[in-house]
Amino acid sequence: RPALLGCVCAGLAAVCWWYADVWTDGVALWANAVAVQDARAGSWLGGGATTSALSELGMQLSWAGRGAEAVPVLHRALSLAEETASSPDLIDGSRSQDMSGYVPLAIALMNEGQAKGGALIADRCVRRLAGLGGAEAARTRARCLATAALTRHKADPERAHKEALEA
């Protein structure tokens, strides 16, 4: 019995030691989450990476100064969110509106020197929110509008100044 208990403890200690590396920083944590979710896509569990895990990974990469890596991850999150929003797959037949990827992608594009692309993403966010009500939609709309203004200012300062004066 003591030998079995020792083996179990040693095995658990090894797993803890390995898993501690996953928690070293945000990029490692969310990269692991996406990898685990992607690995289950072909299994009986189904699924794949969620929009929130992809958005978090993209933001962590962006904050770590790894914008070139963040942009495709955030594009993937946004594509998945828009695909989900266009299909009434929820139990009650409603559509999901996960807007978490728009602002991080717009900012990542701007930081990578693609301010016009960032402005287009922010504008797309505003258009998708046009018919939605509620406090969360209003907060997200405000974030998208602010991001659009920021990215436009970077891409076209004169137009941004004119729009600010008109607002």
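Quick note: structure is the one above.
Some details on the overall build of the chain
- Within the chain, the regular secondary structure consists of eight helices and zero strands.
- Overall, the chain shows an N-to-C arrangement of helices and strands of α-α-α-α-α-α-α-α.
- Pairs at least 24 apart in sequence give 47% of the contacts found in the chain among residues at least 6 apart.
- Accessible area for the chain stands at about 10,300 Å²; split by element, carbon and sulfur atoms hold 62% of it.

Details of the nonpolar core
- Judged by nonpolar contacts, the single largest core of 27 residues is most densely connected at Leu105 and Ile121.
- If you list the elements that add at least two residues to this core, you get helix 2 (26-39), helix 3 (51-63), helix 4 (67-85), helix 5 (102-111), helix 6 (115-129) and helix 7 (135-155).
- Among residues more than four places away in sequence, those in contact with Ile121 are Leu78, Tyr102, Leu105, Ala106 and Leu109.

Observations regarding a nonpolar patch on the surface
- On the surface, Leu4, Val8 and Leu12 cluster together into a nonpolar patch covering about 300 Å² of accessible area.
- Note that Leu12 resides in helix 1 (residues 2-20).
- A relative accessible area of 53% places Leu12 in the exposed class.

Focus: the pattern of salt bridges
- By the definition in use, this model includes three salt bridges.
- A salt bridge links Arg66 to Glu69, with the shortest nitrogen-to-oxygen separation between them at 2.9 Å.
- Residue Arg66 is classed as partly exposed on the basis of its relative accessible area of 34%.
- Arg124 is the salt-bridge partner of Glu82, the closest N and O atoms lying 2.9 Å from each other. Of the two residues, Glu82 is situated in helix 4 and Arg124 in helix 6; the sequence distance between them amounts to 42 residues.
- What makes Glu82 buried here is its relative accessible area of 19%.
- A relative accessible area of 29% means that Arg124 is categorised as partly exposed.

What to know about helix 3
- Counted at 1.5 Å a residue, the expected span for helix 3 with its 13 residues is 18 Å, and the 18 Å between its end C-alpha atoms agrees.
- Taken across its 13 residues, helix 3 has 10 buried, putting it largely inside the fold.
- Taken together, the buried positions of helix 3 are Thr51, Ala53, Leu54, Ser55, Leu57, Gly58, Met59, Gln60, Leu61 and Ser62.

Details of the packing of helix 2 against helix 3
- Running from N to C, helix 2 and helix 3 point in directions that differ by 150°, and their axes come no closer than 9 Å. The angle between helix 2 and helix 3 falls in the class roughly antiparallel. In the crossing of helix 2 with helix 3, the sense of the turn from one axis to the other is left-handed. Contact with helix 2, carried on its side by Gly26, Val27, Trp30, Ala31, Val34 and Gln37, involves Ala53, Leu54, Glu56, Leu57, Gln60 and Leu61 of helix 3 and no other residues of that element.
- Its residues placed into classes, the contact of helix 2 with helix 3 shows eight nonpolar, three polar and one charged.

A word on the state of the cysteines
- Enumeration over the complete set of coordinates arrives at zero disulfides.
- Cysteine Cys7 is unpaired, with the sulfur of Cys9 as its nearest cysteine sulfur at 9.5 Å.
- With a relative accessible area of 46%, Cys9 lands in the partly exposed category.

Procedures and definitions
Residues numbered from 1 in each chain as written. Predicted model: local features only at pLDDT ≥ 70, side-chain atom pairs only at ≥ 80, totals over all residues. Heavy atoms only, no water. Helix = DSSP H or I, 4+ residues; strand = E, 2+ residues; numbered from the N terminus. Contact = heavy atoms within 4.5 Å. Areas by Shrake-Rupley, 256 points an atom, 1.4 Å probe, with all protein chains shown as cover. Core = buried A, V, L, I, M, F, W, Y, C linked by side-chain atoms within 4.5 Å. Buried < 20%, exposed > 50% of the residue type's maximum accessible area, 1.4 Å probe, protein only. Patch = residues over 30% accessible without salt bridge, like charges linked within 9 Å, V, L, I, M, F, W, Y side chains within 5 Å. Salt bridge = Lys/Arg side-chain N within 4 Å of Asp/Glu carboxyl O. Expected span 1.5 Å × (residues − 1). Axes fitted to C-alpha atoms, helices over the stretch in contact; angles between N-to-C directions. Parallel < 35°, antiparallel > 145°, perpendicular 65-115°, else oblique. Left-handed = near helix turned anticlockwise from the far one by under 90°. Nonpolar A, V, L, I, M, F, W, Y, C, P; charged D, E, K, R; others polar. Disulfide = S-S within 2.5 Å.

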